[in-house]
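Breakdown of the fold
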Amino acid sequence: MTDIAVGALRVPAVRGFRSEVIGRLRRDRLALAGLLIVLVIAVASAFAPLVAPDDPVEMRPAERYAPPSRQHLIGTDFFGRDILSRLLYGGRVTLLVGLGTVAINCAVGLPLGLLAGYLGGRVDTVIMRVADTLIVFPTLIFAMALMAIRGVGLLELIIALTFKGWTPLARLVRSEALAIREREFVQAARAIGASHAQIITRHILPNSLSAFVVYATLGITTPILAEAALSFLGLGIQPPAISWGQMISQERNYMQLAWWPVTFPGVIIALTVLGFNLLGDGLRDALDPRLK
Amino acid sequence: MALYVVRRLLSLIPVVLGMTLVLFLMLNFSGGDPAIALAGDNASEDILAVIRQRLGLDRPLHVRYLAWVGGLMRGDFGVSLIDGRPVLPTILHQLPATLLLMVGSMVVALGIGIPTGIISALYRRSFIDHASRLFALAGVSIPGFWLGLILILVLAYRWPLLPLAGYGTVRHLILPSLTLGTAMAALLMRLTRASLLEVLQEDYMRTAYAKGLSRAYAVFKHALRNGMLPIVTAIGLEIGILLGGTVIVESIFSWPGIGRLAYVRMLQRDAPMVMGNLLIYGLIFGLINLLTDMSYAFLDPRIRYD
């Protein structure tokens, strides 16, 4: 950082917020490791048709449970399918479900949190009461109750992943909005005649962006783990679509015969979640040390 | 204090009412028709009408809701579609197994998480510190059901030290508790470390050393007492997550608790039974939150009860 000499005083030059954040992030080795993990898994899954060494669905009973080798790097499963290829294709589904869930959670949680925090009063009470009520239901049990009535399906999976997923973000944004609402620049904006909509979009929203980015990064781990668990129980992604949790589910009864079809999908789930956790922690520290 | 307890108990009422509302809406507006579920897809309209009348489905919605809530308050959670037995006694019969599993997991979580967190904070940047932080990172990233399978693979198949499923002895409790408790142990370790590191820098700790207290005495009598407050809140929140995890762990280890009950009955489309389970899970969660708040107020005299 270069200093500007003002008379006898040395005043640190003001750096842009963005370059300051990037600077902090670049010094955080764990966060960079997280970013690398996430990027590698995301890119490899996105380009699965190009990267995958084998067809993910073609069955070859003769190659059943081939152990890890040069030809099948992490072995084959019960149907003789290459596990690495299936992991790459499964990654698309898993990441898509994760991103989609976070998008829905944000689309619901962000406006509700802004409204609750900015308007306060009865609106705040109603929104927060609904949030208080929904969080008491564990995701898996809620999913089961829903599917006991409606049957297993994609819509039911999405509802199960999102019904209370928006509450942490809404809470976070609400508390930010509450704090910012009372600041002088908001009062000034109000004094010169800015409307509620203008104040929310120009002042409250940009100021809650840090909380939002951190939530979106850390928040993706919850649906990834929940989808894996539901697919493991047979209530999530259904074959022929592939998901990591479902791969484990199909092989668990034979894991005495072959350990690799159960082990590697779990490793990749753990790595993905770890990557997002490291990146999210790093972003939080870099964007807003107060959030720690 | 007594007033505070009463007020907190009363604050549970809107949440419980909200829960019943959510369940009622799910039951009535999510597309499934209980009459068709009972009579089958190709039942005639006459038969459906009779069933609807018997179930009271022909009455207005608010009347049905009030009647339903009234039934819940008397312990009438409805009747299973599979074996025709009342829902609540079946759930209560299986509840102790789930509570036992939660106690076992708590022992794992507290027994591993808090000591390693303390050691990590006291010997910062040592080998133990790095190892336990690695454990904390892994613990929160590994899917619980997969950890369970790996534990079975290693400790039941490869080296048959422990039973791979079942219920009855302490040995049966070990693998399920490890599976469920590890993530919480990791989180508690992280929190204990962070909280203790903060407290160790406080002025009163310097005062304690200055007046000649030994390090061990100062840590245990001063630092831990203050550092434990945030941990208590976290434990409360974590028990809630633990509760949600019982379903999958009970399914893996054939543990005869209410989580496995919900799963088995869900596969049979026994909606009343699974809904009853959801309600019980929600009630337990609400109670845990309540106890957490109260223990926090009890432990920290600075918190006012009014």
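Thresholds applied
- Residues numbered from 1 in each chain as written.
- Chains lettered and ligands numbered in written order.
- Predicted model: local features only at pLDDT ≥ 70, side-chain atom pairs only at ≥ 80, totals over all residues.
- Helix = DSSP H or I, 4+ residues; strand = E, 2+ residues; numbered from the N terminus.
- Rg over C-alpha atoms; globule rule 2.2 N^0.38 Å.
- Buried ≥ 20, exposed ≤ 12 C-beta atoms within 10 Å, placed from the backbone.
- Contact = placed C-beta atoms within 7 Å.
- Domains from an automatic or database assignment.
- Nonpolar A, V, L, I, M, F, W, Y, C, P; charged D, E, K, R; others polar.
- Expected span 1.5 Å × (residues − 1).
- Arc of directions from axis to C-beta.

1. So, the overall build of chain B
On a plain count of helices and strands, chain B comes out with 12 helices and 0 strands. Mapped from its N terminus to its C terminus, chain B presents α and β elements in the order α-α-α-α-α-α-α-α-α-α-α-α. Taking 2.2 N^0.38 as the reference for a compact globule, 306 residues should give roughly 19 Å; the C-alpha atoms of chain B span a radius of gyration of 24 Å, well beyond that estimate. Viewed in the frame of its principal axes, chain B has a C-alpha envelope of about 85 × 60 × 30 Å. Out of the 306 residues belonging to chain B, those deemed buried represent 36%. In chain B, of all internal contacts separated by at least 6 residues, the share reaching a separation of at least 24 is 72%.

2. So, the overall build of chain A
Within chain A, the regular secondary structure consists of 14 helices and 2 strands. Counting only C-alpha atoms and orienting by the principal axes, one finds that chain A spans roughly 80 × 55 × 30 Å. Counting only residues that meet the buried cut, chain A has 45% of its 292 residues in that class. Of the contacts formed within chain A by residues at least 6 apart in sequence, a portion of 69% connects residues at least 24 apart.

3. Some remarks on unusual backbone geometry
In the segment running from Pro 239 of chain A into Pro 240 of chain A, the intervening peptide bond is cis, with an omega of 10°. Relative to the elements of secondary structure, Pro 240 of chain A occurs in the loop between helix 12 (221-232) and helix 13 (244-251).

4. With respect to the domain arrangement of chain B
Residue and element names in this part refer to chain B. By the assigned domains, chain B splits into domain 1 (15-76) and domain 2 (95-299). Using only C-alpha atoms to locate each centre, domain 1 and domain 2 end up separated by 38 Å. The interface is formed by 7 residues belonging to domain 1 together with 7 residues belonging to domain 2. When grouped by side-chain class, the residues that make up the side of domain 1 that touches domain 2 number 6 nonpolar, 1 polar and no charged.

5. With respect to the interface of chain B and chain A
Much of the literature gives interface size as the accessible area that the parts lose upon coming together. Between chain B and chain A, the contact holds 40 residues from the first and 35 residues from the second. Broken down by secondary-structure element, the contributors of at least two residues to the side of chain B that touches chain A are helix 1 (2-29), helix 6 (127-141), helix 7 (144-158), helix 10 (215-252), helix 11 (258-267) and helix 12 (271-299) of chain B. Top contributing element to the side of chain B that touches chain A by residue count: helix 12 of chain B, with 9 residues. Per-class residue counts for the side of chain B that touches chain A are 28 nonpolar, 10 polar and 2 charged.

6. As for helix 10 (residues 196-207) of chain A
Residue and element names in this part refer to chain A. Counted at 1.5 Å a residue, the expected span for helix 10 with its 12 residues is 16 Å, and the 15 Å between its end C-alpha atoms agrees. Within helix 10, the full set of buried residues consists of Ile 200, His 203 and Ile 204. Projection of helix 10 onto a plane perpendicular to its axis shows the buried side chains occupying an angular sector of 125°, all on one side. In helix 10, those exposed residues whose orientation departs by more than 90 degrees from the buried face are Ala 197, Gln 198, Thr 201 and Pro 206. On its buried side, helix 10 packs onto helix 4 (83-119), helix 8 (167-181) and helix 9 (184-191).

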